[in-house]
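Chains, contacts and geometry: an overview
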Amino acid sequence: MRIDIVSVVPKIFYSPFSVSIIKKAINKGLVDIYIHDLKKYGIGKYKKIDDYPYGGGGGMVFRIEPVYKCFCNLLSKRKYDEIIFMTPDGDLFSQEYANNLSLINNIIILCGRYKGIDQRIRDYLISKEISIGNYILSGGETAAIVIVESIVRLLPGLIQNRKSLLNDSFQKSSNYISHPIYTRPAIYKGWKVPEILLSGHHKKIKEWIDKKSYNKKI
Ligand code: ADE
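Residues numbered from 1 in each chain as written. Predicted model: local features only at pLDDT ≥ 70, side-chain atom pairs only at ≥ 80, totals over all residues. Heavy atoms only, no water.

**So, the overall build of the protein**
A count of helices and strands for the protein gives 8 helices and 12 strands. By the compact-globule yardstick of 17 Å for 218 residues, the protein is too spread out, its C-alpha radius of gyration being 22 Å. Over its C-alpha atoms, taken along the principal directions, the protein stretches across nearly 70 × 40 × 30 Å. A burial count over the protein gives 40% of its 218 residues as buried. Taking contacts inside the protein between residues at least 6 apart in sequence as the whole, the part at least 24 apart equals 73%. As displayed, the protein offers around 13,500 Å² of accessible surface, 55% of which is attributable to carbon and sulfur atoms. Between the centroid of the 34 positive side chains of the protein and the centroid of its 20 negative side chains there is a distance of 8 Å. (Helix = DSSP H or I, 4+ residues; strand = E, 2+ residues; numbered from the N terminus. Rg over C-alpha atoms; globule rule 2.2 N^0.38 Å. Buried < 20%, exposed > 50% of the residue type's maximum accessible area, 1.4 Å probe, protein only. Contact = heavy atoms within 4.5 Å. Areas by Shrake-Rupley, 256 points an atom, 1.4 Å probe, with all protein chains shown as cover. Lys, Arg positive; Asp, Glu negative; His and termini not counted. Charge placed at Lys NZ, Arg CZ, Asp CG, Glu CD.)

**Structural notes on the sheet that holds strand S8 (residues 128-131)**
Strand order in the open sheet formed by 5 strands is S2-S1-S6-S5-S8, and the pairing between neighbours is parallel. Unpaired on one side and paired on the other, strand S2 (32-37) and S8 mark the two borders of the sheet. The average angle at which neighbouring strand axes cross in this sheet is 30°, direction not considered. Relative to strand S6 (residues 106-111), strand S5 (residues 82-92) runs parallel, the two being bridged by 5 bridges. Residue pairing across strands places Ile83 opposite Ile108, the latter belonging to S6. Docked against the sheet, helix H2 (residues 64-75) engages strand S1 (2-7), S2, S5 and S6, running at close to 165° with respect to S1. (Pairing = 2+ DSSP bridges. Axes fitted to C-alpha atoms, helices over the stretch in contact; angles between N-to-C directions.)

**Comments concerning helix H5 (residues 141-152)**
Over its 12 residues, H5 extends 16 Å from the first C-alpha to the last, a length consistent with the 16 Å expected when each residue adds 1.5 Å. Most of H5 is tucked away: 9 of the 12 residues are buried. All buried positions along H5 are accounted for by Glu141, Ala143, Ala144, Ile145, Ile147, Val148, Ser150, Ile151 and Val152. (Expected span 1.5 Å × (residues − 1).)

**Description of the sheet that holds strand S3 (residues 50-51)**
Spatially, the 3 strands line up as an open sheet ordered S3-S4-S7, and their pairing is mixed. Taken across any chain shown, the strands that pair with only one partner, and hence form the sheet edges, are S3 and strand S7 (116-117). Examined bridge by bridge, strand S4 (residues 61-62) and S7 share 2 bridges and lie parallel to one another. Within S7, the position partnered with Phe62 by the bridge is Ile117.

**Some thoughts on the packing of helix H1 (residues 20-27) against H5**
In contact at an axis separation of 10 Å, H1 and H5 are set at 60° when each is read in the N-to-C sense. In terms of axis orientation, H1 runs oblique to H5. Every pair of crossing elements has a handedness; the one defined by H1 and H5 is left-handed. Only Val148, Glu149 and Val152 of H5 make contact with H1, whose side of the interface consists of Ile21, Ile22 and Ala25. Residue composition of the contact of H1 with H5, by class: 5 nonpolar, no polar and 1 charged. (Parallel < 35°, antiparallel > 145°, perpendicular 65-115°, else oblique. Left-handed = near helix turned anticlockwise from the far one by under 90°. Nonpolar A, V, L, I, M, F, W, Y, C, P; charged D, E, K, R; others polar.)

And the structure:
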């Protein structure tokens, strides 16, 4: 899988993508992630990427030309399955959404900032718009990190016991929450692990797990 992220603050991605699961996926050659600074495609001497909105109103808006040029550069080299724009008014992201995106090969993610982006980018250049929740972030970058992590952890060859992914909360159904989990010691400061889990009785443990898993009210 290849993910190209387009942003005006590329530094945001350095740390989250250089540790833990994403670093492991990159090192294993399961994903290539490229961060593109939109300012490189800016207009004129000052590499301007934004402008005032037509019709007034405060804030600055991403111009279409830098985004178009950046996308053309990427699209001239390979085909992309999805060109995603991170935006609070997009489709609400979910486990099912992550599952589907983990099956495709090449993705571009555009991170918005400021007041927004010229609507023509959304109308003519973007294939999917994704929100990670009904709240406003300063930009799409942190939202992009969220979706990249949820996609990458699903890639075959990364997590050893892939079957365990199927037991994750939200995998069995959109509001499924998996059972509580415990590890050693069996008793700590008098706080005990449920006895059934120590019994070795597989059928009863399975019944306990089923009883303790539940559907979250949403
Ligand atoms: N950009 C700003 N807020 C966002 C959100 N909630 N989801 C996705 N992108 C965003």
